[in-house]
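What the coordinates show
Single-letter residue listing:
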Amino acid sequence: MDQMSPDNITGVILAVSSSIFIGSSFIVKKKGLKKAGASGARAGEGGYGYLKEPWWWAGMITMIFGEVANFAAYAFAPAILVTPLGALSIIFSAVLAHFILQEKLHMFGILGCVLCVVGSTTIVLHAPHEQKIESVKQIWQLAIEPGFLVYSAVIVIVVAILIFYYEPRYGKTHMIVYVGICSLMGSLTVMSVKAVAIAIKLTFSGTNQFKYFNTWIFILVVAFCCLLQINYLNKALDTFNTAVISPVYYVMFTTFTIIASMIMFKDWASQSGLKIATELCGFVTILSGTFLLHKTKDMGNSGSSGRRSVSMPRDTPVFTNSGSARSSTSDKIPS
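Note that this is a predicted model, so its numbers are computed, not measured.

Looking at the packing of aromatic side chains
Within the structure shown, the criterion is met by ten aromatic pairs. On the numbers, 5.0 Å between centres and 85° between planes, the contact of W56 with W57 is edge-to-face. With a relative accessible area of 41%, W57 lands in the partly exposed category. Ring geometry for Y178 versus Y232: centroids 6.2 Å apart, planes at 35°, classification tilted. Remark: Y232 occurs in helix α9 (residues 213-239) and Y178 occurs in helix α8 (residues 175-204); sequence separation between them is 54 residues. With a relative accessible area of 2%, Y178 lands in the buried category. Members of the aromatic cluster, each reached through a chain of ring pairs, are W140, F213 and F218. Above the ring of W55, the side-chain terminus of K31 is found at 5.4 Å from the ring centroid. Directly above the ring of F265 sits K194, whose terminal nitrogen or CZ lies 5.6 Å from the centroid.

Shown next as structure tokens:
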């Protein structure tokens, strides 16, 4: 096993810090929402009392720190390394919810956390080194190579078909439509985010990258893709159960991001087949832990209440909404 490069170590530290901040922010915001709901209309009922609640603002600030750390991580480490580590935020959120919100973690949930840690460690130890990038123009050349142009064109065409044909007809009954749009565009978002992050890093190092039009094109792509993702992710959260959306979105988003990174940055070109297989095994391990954690997230509370049949949520179809998916058990938290 090759020694990790300093840039990869920095990227891992930033990615893990991001997961800690983001995972914690959900719990802090939920605590603020509960306090606000106890003295007025709940957010789910149209109330905005949480805007006066310090806990909610503390959660928002914590989330901003997390997103900034995640953004910076892409400047130092490959997307193949940074993106899968986002699963760690689920662990921190589940553990903190267990102790702070008394949302008990089931034994299988603990197993899911362990699987996520094992998978993340496997990816970190075998991840490829970051390429030496000296100018945003270098990234631009990677972006306009035939392979990535074909990938981007396919993504844009598929997303357009999903938006203009499938979304009006099947959006409210098939979750895969909304999640597919977010995941596909998310892969292009991450590639552009990485370009902008590297441009900022090089600018702070003394080489101004914002004098090149390429940097501003990447910024525009980030803004457009983020707005599109937020719009359709909100639609998905408003229509389907959050417990089902989260793992499916994570799997699809991470998978397409890894594919995009592999095509654009050729992260695996310098690695042996054994290392690539090991990284894929680590990724599958994380996916297994994520699904297990979400599938059993309410089982801890049901066991302690002694009313398993009442407390256990009904299974929600993964790809379709049978009418009950828009249930009152959905734990949506407005950001």
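Resuming the write-up.
Side note on helix α4 (residues 88-100)
For α4, with 13 residues, the first-to-last C-alpha span of 18 Å sits near the 18 Å given by 1.5 Å per residue. Those residues of α4 lying buried are L88, S89, I90, I91, S93, A94 and A97. Residues of α4 that are buried make contact with α1 (6-39), α5 (107-126) and α11 (273-295). Once α4 ends, the next one or two residues include Q102, with phi positive near 60°.

Details of the packing of α4 against α11
Relative orientation of the contacting elements α4 and α11 amounts to 30°, with a least axis distance of 10 Å. When the interaxial angle is binned, α4 and α11 end up roughly parallel. The two elements α4 and α11 meet at a crossing, and its hand is left-handed. Between α4, through I90, I91 and A94, and α11, the contact on the second element is made entirely by T290, L293 and H294.

Topic: α8
For α8, which comprises 30 residues, the first-to-last C-alpha distance of 42 Å matches the rise-based estimate of 44 Å (1.5 Å per residue) to within 8%. Maximum bend of α8: about 25°, positioned at G186. Where α8 terminates, the next one or two residues include G206, which has phi positive at roughly 115°.

Things to note about the nonpolar core
Formed by 75 residues in total, the largest nonpolar core has its most connected members in L81, I139, F148, V159, M191, F218 and M264. Here the element with the most residues in this core is α8; it accounts for 17 residues. With residues up to four places along the chain from it excluded, the contact list for M264 reads I139, L142, A143, F148 and M191. Counting five residues, the second largest nonpolar core, distinct from the first, contains L33, A36, Y50 and M60.

Section: the environment of Y50
Following the sequence through the fold, Y50 ends up in the loop between α1 and α2 (54-73). In this structure Y50 comes out as buried when scored by relative accessible area, which is 8%.

A few points about the side chain of S18
Along the polypeptide, S18 turns up in helix α1. A distance of 2.8 Å separates a polar side-chain atom of S18 from the backbone oxygen of G66. Excluding anything up to four places from it in sequence, S18 contacts G66, A69 and N70.

Observations concerning the confidence of the model for the protein
For the protein, the mean per-residue pLDDT works out to 83, and 85% of the residues sit at or above 70. Within the protein, helix α7 (residues 146-170) carries the highest mean pLDDT (96), whereas helix α13 (residues 308-311) carries the lowest (41). Below pLDDT 50 for its whole length, residues 304-319 participates in 22 contacts with residues either more than four positions away or in separate chains. Confidence drops under a pLDDT of 50 for residues 322-335, and excluding neighbours within four residues, the segment shows 29 contacts in the predicted structure.

Quick notes on the rules
Here the residue numbering is sequential within each chain, running from 1 through the sequence in written order. In keeping with the predicted nature of the model, local features appear solely for residues at pLDDT of at least 70, side-chain atom pairs appear and are counted solely at 80 or more, and the whole-chain, interface and lining totals rest on all residues. Hydrogen atoms and water are omitted, and side-chain values are computed over all heavy atoms in the structure. When the centres of two rings from Phe, Tyr and Trp lie within 6.5 Å, Trp using its six-membered ring, the rings pair. Their planes under 30 degrees apart give stacked, over 60 give edge-to-face, and anything left gives tilted. When accessible area is computed with a 1.4 Å probe and restricted to protein chains, residues below 20% of their type maximum are described as buried, those above 50% as exposed, and intermediate ones as partly exposed. Numbering goes from the N terminus for both helices and strands, where a helix is a DSSP run of H or I of at least four residues and a strand is a run of E of at least two. By the criterion adopted, a ring carries a charge over it if an Arg CZ or a Lys NZ lies within 6 Å of its centre and within 35 degrees of its normal. The span you would expect from a helix comes to 1.5 Å times its residue count less one. Should any heavy atoms of two residues lie within 4.5 Å, those residues are considered in contact. Lines fitted to the C-alpha atoms define the axes, with helices restricted to the stretch that makes contact. Angles between their N-to-C directions range from 0 to 180 degrees. In this scheme, roughly parallel covers angles under 35 degrees and roughly antiparallel covers those over 145, while 65 to 115 is roughly perpendicular and the rest are oblique. It is the rotation of the near helix from the far one that decides the hand of a crossing: anticlockwise by less than a right angle makes it left-handed, clockwise makes it right-handed. Here the bend at each residue means the angle between axes fitted to two seven-residue stretches, the one ending at that residue and the one beginning there. Grouping buried Ala, Val, Leu, Ile, Met, Phe, Trp, Tyr and Cys residues that are joined through side-chain atoms within 4.5 Å yields what is termed a nonpolar core. For the purposes of these results, a polar contact is taken to be a pair of N or O atoms within 3.5 Å, where, inside protein, one atom must be able to donate a hydrogen and its partner to accept one; residues adjacent in sequence count only when each atom of the pair is a side-chain atom. pLDDT is a per-residue confidence score from the predictor, ranging from 0 to 100.

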